[in-house]
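Secondary and tertiary structure notes
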Amino acid sequence: MFSDRSHRRFNVLTGEYVLVSPNRNQRPWQGLRERTPEAGRPAYDPDCYLCPGNSRAGGLMNPPYEGTFAFDNDFAALLPRLHRRPERYEYGLLSAEAEGGVCRVVCFSPRHDLSLPELGVAEIDSVIAAWSGESTALGAREYIRYVQIFENKGEIMGCSNPHPHSQIWATEHIPTEPAKELFSQQDYFQTHGRPLLLDVLIQEKTAGVRLVAGNEHWTALVPFWALWPFETLLIPRRSVSRLPELEAAERLALADLLKRLTTRYDNLFEISFPYSMGFHQAPFDGEEHPEWVLHLHFYPPLMRSATVRKFMVGFEMLGMPGRDMTAEQAAARLRECSEVHYKQRQDYTGRSECTFSSPAEPDSSGAMSSTC
Ligand code: H2U
Ligand code: ZN
């Protein structure tokens, strides 16, 4: 299907199109090459703002934490609502309104050196438990309507501190991306009486070509409409709307898949793979959201090697976003990657960068490493 000619694909979650130009895969690159990140980090860094027992930039002290550690962001982008009185600014065509919220930081573990794929499944499970507890607590605040959990990983993504951590921004209004997804999911549910993402999952399991990895409760796939080169989408088997609704076995299965997927990512170019990832859960607006299926997006910027990243510029800023290799080619590449982390391989001696020049053909069998 259009595997060597330009076409545009529809994103059913956002209602937007992405331009796909597989014919452009061999484009020469003489532009920016990222500096590859340094080799190793210590388990504890006395200068890190996030390590246990250290003082933060705002002057507060971290406790000697042993598991996950969550705190109010010292440089929060959103400030709590002081009162319910609507505050608006209107001047002709110009308008603005107050936006209240809460920003939190969640450290994955005391270890300065261990990112998600290097943590154990039980430790990742506790990270998900922390995200879940934060969602419940923040979502219960009277003025909060959305809880956005995300991890921004790697210098290339603008991450300011290498100690593995995530952020939570809880907002008074539903942010733009979840708002688009709300509209699409509600629209589909009204017409078909079924959650959109569960039907996407059924169709993707049948097609197979965009599947990456999975287990009894979750599936990771490259969405048909993926925009970022190695973008993935994680969908649960059951219709769950928000993180706190996950059962223990489903949460553990998510931890398992997160470890395996991020290991594949690290193995792709044998570096700690940068990305922005995050959950999209239903709004915390006091409504039931039968249409909404909790899911995670991974948006990694790297394109063909550890040093060449995708830029969203030019036509993409002014026309529409696009990609070169197809989603099927990206999925095939990720399926080829091992689920044993390269640092755990017996022959691993140090950092070696492997590049990716010619994308593999899609594997029509959609072979998976385990059940999904
Ligand atoms: P990144 O995920 O983009 O690296 O951001 C780290 C966050 O941690 C950032 O929002 C916060 C920053 O405000 N932070 C603190 O709250 N206290 C600190 O001492 C350092 C960083
Ligand atoms: Zn640290």
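The structure contained in this document is the topic of the report that follows. (Residues numbered from 1 in each chain as written. Chains lettered and ligands numbered in written order. Predicted model: local features only at pLDDT ≥ 70, side-chain atom pairs only at ≥ 80, totals over all residues. Heavy atoms only, no water.)

Brief notes about the state of the cysteines
Taken as a whole and assessed by the stated rule, the structure comprises 0 disulfides. There is no disulfide at C159, and the cysteine sulfur nearest it, in C48, is 10 Å away. (Disulfide = S-S within 2.5 Å.)

Let's talk about the side chain of E204
Here E204 shows up in helix α3 (residues 196-207). For E204, a relative accessible area of 6% gives the class buried. Apart from residues no more than four positions distant in its own chain, E204 is found in contact with R210, L211, L221 and F224. (Helix = DSSP H or I, 4+ residues; strand = E, 2+ residues; numbered from the N terminus. Buried < 20%, exposed > 50% of the residue type's maximum accessible area, 1.4 Å probe, protein only. Contact = heavy atoms within 4.5 Å.)

Some remarks on the sheet that holds strand β13 (residues 295-299)
Ordered in space as β3-β6-β8-β7-β12-β13-β11-β10-β9, the 9 strands form an open sheet in which the pairing is antiparallel. Pairing within the sheet leaves two strands with one partner each, and these edge strands are β3 (69-72) and β9 (211-214). Recorded for the sheet is a direction-independent mean angle of 20 degrees between the axes of neighbouring strands. One ladder, built from 7 bridges, connects strand β6 (residues 101-107) with strand β8 (residues 165-171); its direction is antiparallel. Residue pairing in the sheet places V106 in a bridge with S166 of β8. Strands β7 (146-153), β12 (275-280) and β13 of the sheet are contacted by helix α2 (residues 176-192), whose axis makes an angle of about 45 degrees with β12. (Pairing = 2+ DSSP bridges. Axes fitted to C-alpha atoms, helices over the stretch in contact; angles between N-to-C directions.)

Looking at the site of ligand 1
As a structural note, the neighbourhood of ligand 1 is formed by 14 residues, with A57, N73, D74, S160 and H165 the closest of them. Interatomic distance of 2.6 Å between a side-chain N/O atom of N73 and an oxygen atom of ligand 1. Contact between ligand 1 and D74: a nitrogen atom at 2.6 Å from a side-chain N or O atom of the residue. Looking at the shell around ligand 1, its residues break down into 6 nonpolar, 6 polar and 2 charged. (Near = heavy atom within 4 Å. Polar contact = N/O pair within 3.5 Å; in protein donor to acceptor, adjacent residues only side chain to side chain. Nonpolar A, V, L, I, M, F, W, Y, C, P; charged D, E, K, R; others polar.)

Focus: the coordination of the zinc ion (ligand 2)
Coordination sphere of the zinc ion (ligand 2), protein contribution only: C48 (SG), C51 (SG), H112 (ND1) and H163 (ND1), at 2.1 to 2.4 Å. Note that the zinc ion (ligand 2) binds 4 donor atoms; their angles at the metal cover 100 to 119 degrees, and the shape is tetrahedral. Positions of the donor residues of the zinc ion (ligand 2), expressed as sequence spacing, correspond to C-x2-C-x60-H-x50-H. Residue C51 is classed as buried on the basis of its relative accessible area of 0%. (Donors = N, O, S within 2.8 Å, 3.2 Å for Na, K, Ca; no water. Tetrahedral: all angles 85-135°; square planar, octahedral: opposite > 155°, others 65-115°.)

A word on the pattern of salt bridges
Counted according to the given criterion, the structure contains 27 salt bridges. Its salt-bridge partner being E16, residue K180 comes within 2.9 Å of it at the nearest N-O pair. Highlighted residues: K180 in helix α2 and E16 in strand β2 (residues 16-20), separated in sequence by 164 residues. Residue E97 is joined to R88 by a salt bridge in which the shortest nitrogen-to-oxygen separation is 3.1 Å. Classification of E97 as partly exposed rests on a relative accessible area of 46%. You can call R88 partly exposed: its relative accessible area is 48%. Linked through salt bridges whose partners overlap, the residues forming this network are R9, E204, R210 and E328. (Salt bridge = Lys/Arg side-chain N within 4 Å of Asp/Glu carboxyl O.)

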